[in-house]
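Remarks on the overall topology
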Amino acid sequence: MAHCLGIAWGHDEMGWWAMVPNEMRCNLTSSAESTSGLPFALYREDDNGARFLIDRFATREEAEAKATELGIGGHKQYYFVDFEGA
């Protein structure tokens, strides 16, 4: 499964990390694809400036709540919500 997602593993002084590209290598349906019609997109931006779509939500409140939940982890990643329309 990790190979299909194109996950690259590594570690540094902060610990182990994984990097996932925007496009999967295999033809799998992701959560983000199954919710593609929802207007609020939650993204993660890492310390290198790479951005990744996490999920989509029907309301800004749902998306912001998930961003807050994920942001508690203490890593350098930044989570933000973008309105992209339906």
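What you see is a predicted model, and the numbers here were worked out from it, not measured in a lab.

With respect to the secondary-structure elements, D46 resides in the loop between β3 (40-45) and β4 (51-57). Look at D46: it is buried, it has no salt bridge, and the nearest opposite charge is R44 at 4.4 Å. A polar contact is formed between the side chain of D46 and the backbone nitrogen of N48, at a distance of 2.9 Å. Among the polar contacts made by the side chain of D46, one reaches the main-chain amide nitrogen of A50 at a distance of 3.0 Å. Discounting chain neighbours no more than four positions away, the residues touching D46 are F52 and Q77.

What follows is about the pattern of salt bridges. Opposite charge on two side chains makes pairing possible when the charged atoms of those side chains draw close. A complete count under the given rule lists four salt bridges for this structure. R51 serves as the salt-bridge partner of E45, at 2.6 Å between the closest nitrogen and oxygen. For E64, the salt bridge goes to R60, with nearest N and O atoms at 3.6 Å. Of this pair, E64 and R60 both sit in helix α3 (residues 60-71), four residues apart, which is roughly one turn of the helix.

Glancing now at the packing of aromatic side chains. A full pass over the atoms with the stated rule returns three aromatic pairs. Judged by centre distance (5.5 Å) and plane angle (15 degrees), the ring pair of Y43 and F80 falls under stacked. Residue Y43 is located in strand β3, and its partner F80 is located in strand β5 (residues 78-83); the two are separated by 37 residues in the primary sequence. Of the two residues, Y43 and F80, both sit in the buried class. The interplanar angle of 20 degrees and the centroid separation of 5.6 Å between the aromatic rings of Y78 and F80 together place this pair among those described as stacked. Through a chain of ring-to-ring contacts, the aromatic side chains of Y43, Y78 and F80 assemble into a single cluster.

Right, let's talk about the environment of I54 for a bit. Here I54 shows up in strand β4. Here I54 falls in the partly exposed class, since its relative accessible area comes to 31%. For I54 and V81, which are 27 residues apart along the polypeptide, the C-alpha to C-alpha distance reads 9.9 Å.

Quick notes on the rules
- Residues numbered from 1 in each chain as written.
- Predicted model: local features only at pLDDT ≥ 70, side-chain atom pairs only at ≥ 80, totals over all residues.
- Heavy atoms only, no water.
- Helix = DSSP H or I, 4+ residues; strand = E, 2+ residues; numbered from the N terminus.
- Buried < 20%, exposed > 50% of the residue type's maximum accessible area, 1.4 Å probe, protein only.
- Lys, Arg positive; Asp, Glu negative; His and termini not counted.
- Salt bridge = Lys/Arg side-chain N within 4 Å of Asp/Glu carboxyl O.
- Polar contact = N/O pair within 3.5 Å; in protein donor to acceptor, adjacent residues only side chain to side chain.
- Contact = heavy atoms within 4.5 Å.
- Phe/Tyr/Trp six-rings, centres within 6.5 Å; stacked < 30°, edge-to-face > 60°.

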